[in-house]
Each structure stands twice: as structure tokens, then as C-alpha cells.
Amino acid sequence: DAEVEDILSRSTGAVRLFYWLAVETGMRAGELCGLRVCDVDPIRKLLRVRQAVWRGKVQFPKTKNAIREIPIPFQIVDELRTHIGNRADGFVFTTKNGTPWNADLVLKRHLRGKLKVTNGHLHMFRHTFATRQLQAGVPVTVVSKILGHGSISTTLDIYAHVLAEHMEQFERQRARILGTYRAPEVGAVAEEQQVA
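Bear in mind the structure is a predicted one, so any value in this text is a computation, not a measurement. (Residues numbered from 1 in each chain as written. Predicted model: local features only at pLDDT ≥ 70, side-chain atom pairs only at ≥ 80, totals over all residues. Heavy atoms only, no water.)

Per the stated rule, a full pass over the model turns up five aromatic pairs. Considering the side-chain rings of Phe18 and Trp101, the 5.5 Å spacing of their centres and the 40° angle between planes classify their relative orientation as tilted. Placement of Phe18 in helix H2 (residues 13-25) and of Trp101 in the loop between helix H4 (74-84) and helix H5 (103-114) is noted, with a sequence separation of 83 residues between them. For the pair Phe18 and Trp101, a shared accessibility class is recorded, and that class is buried. Centre to centre, the rings of Phe93 and Trp101 are 5.1 Å apart; their planes meet at 40°, and the pair counts as tilted. (Phe/Tyr/Trp six-rings, centres within 6.5 Å; stacked < 30°, edge-to-face > 60°. Helix = DSSP H or I, 4+ residues; strand = E, 2+ residues; numbered from the N terminus. Buried < 20%, exposed > 50% of the residue type's maximum accessible area, 1.4 Å probe, protein only.)

This is the structure in C-alpha cells:
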């Protein structure tokens, strides 16, 4: 989480927007590379995920869950508007020739090359997004839908450690709450059961 914030603070321009979208939407790097101008809905404040680009080739989602709409904060809407400018079509993140970005090159040239994040990978933004949402108490079904997972069990498997932390937190809270009440004595409970 701290590493992601550091990367965002040291990045500028289009690549910063790319990382920011990744951490605020949970989109895969290939989905961000495949994002088209027409997939951005600034009025409804959302992005439509309909395709991905992998090594320069457009690919369509393998499952229907991967096709989805993701809400975005209004601050990103403003940044996207500025970045897109007057373009009516094409990819949101393009090279000078108008071709979509290559996620491998973003990783190699910027994240590892320029920023020297040697162990960094683009998936860390998606992971941070999911972890933050689950820690904030967003239902796992909602997180799973936004991530475009094929099933909720995929989300549960990947983020089991976060959910385990939630259970520990629940146990601590319950212990604090129960600590404020006096438990009924065993004899009293037995009497109550007889009366019932």
C-alpha cells in the first residue's frame, strides 16, 4: 500500500493516470491498455471494460463477468477529460502512432526502469484496490464483481488473508463488547431453560 502511494507520488502525466486508474478501479493492466475513449462515461462517472490489449493484440474477455462497468471518483473523471482532450475515438492510453500501450513496456520502462521499483509489478495496483475495499468493509460479492472474477470463490481464494484479518478484528470487537456485559451465571441459565 505504501509502495503504491510512493509510485503515484513519483509518477507524472499519462503513466500516473494509468497507475491511479489501476488502484482506484482494480482493472487489469491489459484492460487499461484496451480502454477506449468511448468506454469512458464522464456523466455517469464510470468506465466500461469490454476488451483488453495484450502485447499489442486486442483480446475479448473469456467470461461474461469480465465485461463490466466500474464507478470512478470524480477527481479521475476530470483527469481523464484533460488526458483525452478532443479525441472522440481511439485508445485512452496511446503511443505517438495511436497504437495502444503495451503493459510489459510500462512495467519495464517506467516502473522498473525509471522508478527503479525492482520487485514491482502492475498487478500490485489491482491487489491494493481489492485489499483496500475489503478492509473498508465492502462486501466480497461487490469486490468480486468489480474485479471481473469468474466467481466469488476466486475472490475468496485470492484474498483469504484479508478476510482472515477481518475475522480477527471481529473477534477483538466482540471480546470488547462482551467485556462490558456480565455473563449470566450457569445456574441462572439452567433455570431459564426449565421455565421455557
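This paragraph deals with the sheet that holds strand S2 (residues 46-49). Strand order in the open sheet formed by three strands is S1-S2-S5, with antiparallel pairing between adjacent strands. Strands at the two margins of the open sheet, each flanked by one partner only, are strand S1 (40-41) and strand S5 (68-71). Bridge count between S2 and S5: four bridges; the pairing is antiparallel. Bridge pairing links Leu46 to Pro71 in S5. (Pairing = 2+ DSSP bridges.)

So, about the side chain of Asp39. Mapped onto the elements, Asp39 comes out in the loop between helix H3 (29-33) and S1. In contact with Asp39, not counting residues within four places along its chain, are Gly34, Leu46, Leu47, Arg48 and Arg50. (Contact = heavy atoms within 4.5 Å.)

This part takes up the side chain of Ser11. Take Ser11: it is sitting in the loop between helix H1 (2-10) and H2. Here Ser11 falls in the buried class, since its relative accessible area comes to 3%. Looking at Ser11, its side chain comes within polar contact range of the main-chain oxygen of Ile7, at 2.6 Å. Excluding residues within four positions of it along the chain, Ser11 makes contact with Arg16, Tyr19, His110 and Leu115. (Polar contact = N/O pair within 3.5 Å; in protein donor to acceptor, adjacent residues only side chain to side chain.)

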